[in-house]
Amino acid sequence: MNNFTNDNTARRYQAHVSILGTTQVHRRNPYIIAWWSAAFPGFGHLLLSKYLRGFVLFIWEVVVNIKCNLNFAMIYSFQGEIDKAKDILDTRWLLIYIPVYIFGIWDSYRTTIDMNKVYILAERENHQFNSFSIGALEINYLDRRNPAMSIIWSLFIPGLGQLYLHRITTAFFVIIWVVVFFYQSRGLEAISLLFLGEIAEATSVINPEWFLFFPSLYGFSVYDSYSNTVENNKLFDQEQRLFLKKNYQFPTFKVLKGQKVN
């Protein structure tokens, strides 16, 4: 149940509040979105709330990366062992990885430009949207949240910042893959050994091929939760202004520049 029913009288809406999260259109930098797609295919689309496309590209990246031993090759290249990096790469998988990787960057950049145009038109139309949604499983509503808290929770475990902001779809997807990466990389086991002072054993037990996914995942989780918290607060302020103007402002009220209002 929503406190405003979409009557399709507007061509474009700026936001929609559902029990799974708040989806909104706002201005984004296409170069930043493209950069996140380059850091990890799928992340740029998830930032745009293009979930299905983002999920496909993310899973593609994980599967094909592992199959072609790309992370191992990167580790060897970081160590200056270029010959080993060449030998370990499986070109049967690598050659299908490259076109999709480039497509993810290009498509996220193109989509960002298009959505910025949509945002400008929706902002000018300035149509009402719902701010409260309640169902059998969840309640979601617009309110102010602290961007610093979204960063802190994302640093503890990726996905918690999205849960704090009530972005359930992204949070669920990220948390599932955090569990997979920790299990496959044996990262928590290595951290436990580090706390015990057994550095050599911690280094030997960790699987770097899976552990190398974590920097991108942590970075995305922090950036996504922070940026969406900031935009969520702007959306809340806008909705409040529209509500107060519609229900409490006198129709003939005008603010005259340079003159006092009694």
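Keep in mind that this is a model prediction, so the values were computed, not measured.

Conventions we followed
- The written sequence of each chain sets the order in which its residues are numbered from 1.
- Given that this is a predicted model, residues contribute local features only at a pLDDT of at least 70 and side-chain atom pairs are listed and counted only at 80 or more, while totals for whole chains, interfaces and linings are drawn from all residues.
- Each side-chain value is worked out from all heavy atoms of the structure, with water and hydrogens disregarded.
- We define the nonpolar core as a collection of buried residues of types Ala, Val, Leu, Ile, Met, Phe, Trp, Tyr and Cys that are connected through side-chain atoms lying within 4.5 Å of one another.
- Categorising residues by exposure relies on relative accessible area from a 1.4 Å probe, with only protein chains included: less than 20% of the type maximum marks a residue as buried, more than 50% marks it as exposed, and the intermediate range marks it as partly exposed.
- In this text, helices come from DSSP runs of H or I with a minimum length of four residues, and strands from runs of E with a minimum of two, each type numbered from the N-terminal end.
- Working rule for contacts: check all heavy atoms of both residues, and any pair within 4.5 Å makes them a contact.
- Within this document, salt bridges are pairs made up of a side-chain nitrogen of Lys or Arg and a carboxyl oxygen of Asp or Glu, the two lying within 4 Å of each other.
- Only residues whose relative accessible area exceeds 30% and that form no salt bridge enter a patch; like-charged residues are grouped when within 9 Å of one another, and nonpolar side chains (Val, Leu, Ile, Met, Phe, Trp, Tyr) when within 5 Å.
- Areas reported as accessible are Shrake-Rupley estimates using a 1.4 Å probe. Residue values count occlusion only from the protein chains shown.
- Take the number of residues in a helix, subtract one, and multiply by 1.5 Å to get its expected span.

S.K.: Just to check I follow, could you spell out the nonpolar core for this structure?
M.R.: Soluble, globular proteins show a tendency: their nonpolar side chains are buried together. Among the nonpolar cores identified, the biggest contains 23 residues, and Phe43, Phe58, Val62, Phe181, Leu217 and Phe220 are the most heavily contacted of them. Contributions of two or more residues to this core are made by helix H1 (30-39), helix H2 (43-47), helix H3 (51-68), helix H9 (168-185) and helix H13 (214-248). It is H9 that provides the largest number of residues to this core, a total of six residues. What Phe181 contacts, discounting residues up to four positions off in sequence, is Phe58, Val62, Trp210, Phe213, Phe214 and Leu217.

S.K.: Help me understand the pattern of salt bridges, please; the structure alone is not making it clear to me.
M.R.: Opposite charge on two side chains allows them to pair when their charged atoms are near. All chains considered together, the criterion is met by ten salt bridges. For Asp107, the salt bridge is made with Arg110, and the minimal N-O distance between the two is 2.6 Å. Of this pair, Asp107 and Arg110 both sit in helix H6 (residues 91-125), three residues apart, which is roughly one turn of the helix. Through salt bridges that share partners, Arg53, Asp107, Arg110 and Asp114 make up one connected network.

S.K.: Any chance you could explain a nonpolar patch on the surface here in plain terms?
M.R.: A surface patch of nonpolar side chains, about 370 Å² in accessible area, is lined by Ile152, Trp153, Phe156 and Ile157. Its location among the elements puts Trp153 in helix H7 (residues 147-156).

S.K.: Before we go on, may I ask you to explain H3 in this structure?
M.R.: Every α-helix winds through 3.6 residues per turn, so residues three or four apart in the chain are directed the same way. An ideal rise of 1.5 Å per residue puts 26 Å on 18 residues; H3 measures up with 25 Å between its terminal C-alpha atoms. Immediately beyond the C-terminal end of H3, within one or two residues, lies Asn69, with a positive phi of roughly 60°.

S.K.: Looking at this model, I keep getting lost on the environment of Val17. Mind explaining?
M.R.: With respect to the helices, strands and loops of the structure, Val17 is situated in strand S1 (residues 15-18). Its relative accessible area of 0% is what places Val17 among the buried residues. Between the C-alpha atom of Val17 and that of Asn3, which follows or precedes it by 14 residues, the distance is 9.8 Å. With residues up to four places along the chain from it excluded, the contact list for Val17 reads Asn2, Thr22, Asn130, Ser131, Phe132, Ser133, Asn140, Tyr141 and Leu142.

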